[in-house]
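What follows is each chain in one-letter form.
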Amino acid sequence: MVLALTVCGIVVALVVIGLFLFGLRRRLIQRSGGTFDCSLRWDVPEKPDAGGKGWSYGVARYNGDRIEWYRVFSYGFRPRRVLERAQIEVAGRRLPEGEEELALLSDAVVLACTHRGTRLELAMSEDALTGFLAWLEAAPPGQRVNVA
């Protein structure tokens, strides 16, 4: 009985520590400001599947001329993807279709882009999208920006 209670106590303590570390990591990422919730689907085929597969929930952070994207359910402190402003080309935007509505946040808008020849999709709120497009268009003089 004592052994079972000890094991249960250890398991509960590990879960609490894990949740605390998730929260601490997100707090550290958001500390410098300029963050927004953003789901990402990388290397999207020409005819994307509306089944909601391939989406990863994350947090994006503006850092100069780059966007650093972090997975929410990860303990890593380095961004999973880095998108340079000069390399992002916006192909269009749309509302989530089919089962994507279940895989994404309720107010998400999907933005189809390419980055260095790789097709990707970003899903974010309308407010975050407005800020993202303004950030893209605010490129320094001489930089090529392609916004559809």
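Keep in mind that this is a model prediction, so the values were computed, not measured.

Participant: What should I look at first to understand the side chain of R61 in this one?
Facilitator: For R61, the position within the fold is in strand β3 (residues 58-63). You can call R61 buried: its relative accessible area is 15%. Among the polar contacts listed, one links the side chain of R61 to the side chain of E68, at a separation of 2.7 Å. Polar contacts involving the side chain of R61 include one to the side chain of Y70, which spans 2.6 Å.

Participant: It is not clear to me how the sheet that holds strand β1 (residues 35-37) should be interpreted in this structure. Could you clarify?
Facilitator: Each strand in a sheet pairs with its neighbour through backbone hydrogen bonds, running either in the same direction (parallel) or in the opposite one (antiparallel). Judged by pairing direction, the sheet is antiparallel, and its 4 strands sit side by side in the order β1-β3-β4-β5 without closing on themselves. Of all strands in the sheet, those bounded by a partner on one side alone are β1 and β5 (81-84). Averaged over all pairs of adjacent strands, the angle between strand axes in this sheet comes to 20°, irrespective of strand direction. By the bridge criterion, 6 bridges tie β3 to strand β4 (residues 66-71) in an arrangement that is antiparallel. Within the sheet, the bridge partner assigned to Y62 lies in β4 and is I67. Its contacts with the sheet place helix α3 (residues 126-137) against β1, β3 and β4, and it is angled at close to 35° to β3.

Participant: Just to check I follow, could you spell out the UniProt feature "transmembrane region" (unreviewed entry) in the protein chain for this structure?
Facilitator: UniProt feature "transmembrane region" (unreviewed entry): in the numbering of this structure it lies at residues 6-24. Helix makes up 100% of residues 6-24 and strand 0%, whereas the separation of the span's terminal C-alpha atoms amounts to 27 Å.

Participant: I would appreciate a short explanation of the packing of aromatic side chains in the present structure.
Facilitator: Here the structure, examined in full by the defined rule, presents 3 aromatic pairs. On the numbers, 5.4 Å between centres and 50° between planes, the contact of Y62 with W135 is tilted. A residue pair is termed long-range when its members are at least 10 positions apart, and Y62 in strand β3 and W135 in helix α3 qualify at 73 residues. Residue classification places W135 among the buried residues on the basis of a relative accessible area of 10%. Put simply, the rings of F36, Y62, F132 and W135 pair up and form one aromatic cluster. Over the aromatic face of W42 sits the side chain of R81, whose NZ or CZ is 4.1 Å from the ring centroid.

Calculation notes
Residues numbered from 1 in each chain as written. Predicted model: local features only at pLDDT ≥ 70, side-chain atom pairs only at ≥ 80, totals over all residues. Heavy atoms only, no water. Helix = DSSP H or I, 4+ residues; strand = E, 2+ residues; numbered from the N terminus. Buried < 20%, exposed > 50% of the residue type's maximum accessible area, 1.4 Å probe, protein only. Polar contact = N/O pair within 3.5 Å; in protein donor to acceptor, adjacent residues only side chain to side chain. Pairing = 2+ DSSP bridges. Axes fitted to C-alpha atoms, helices over the stretch in contact; angles between N-to-C directions. Contact = heavy atoms within 4.5 Å. UniProt positions renumbered as here; feature names shortened; annotations may be inferred. Phe/Tyr/Trp six-rings, centres within 6.5 Å; stacked < 30°, edge-to-face > 60°. Lys NZ or Arg CZ within 6 Å of the ring centre and 35° of its normal.

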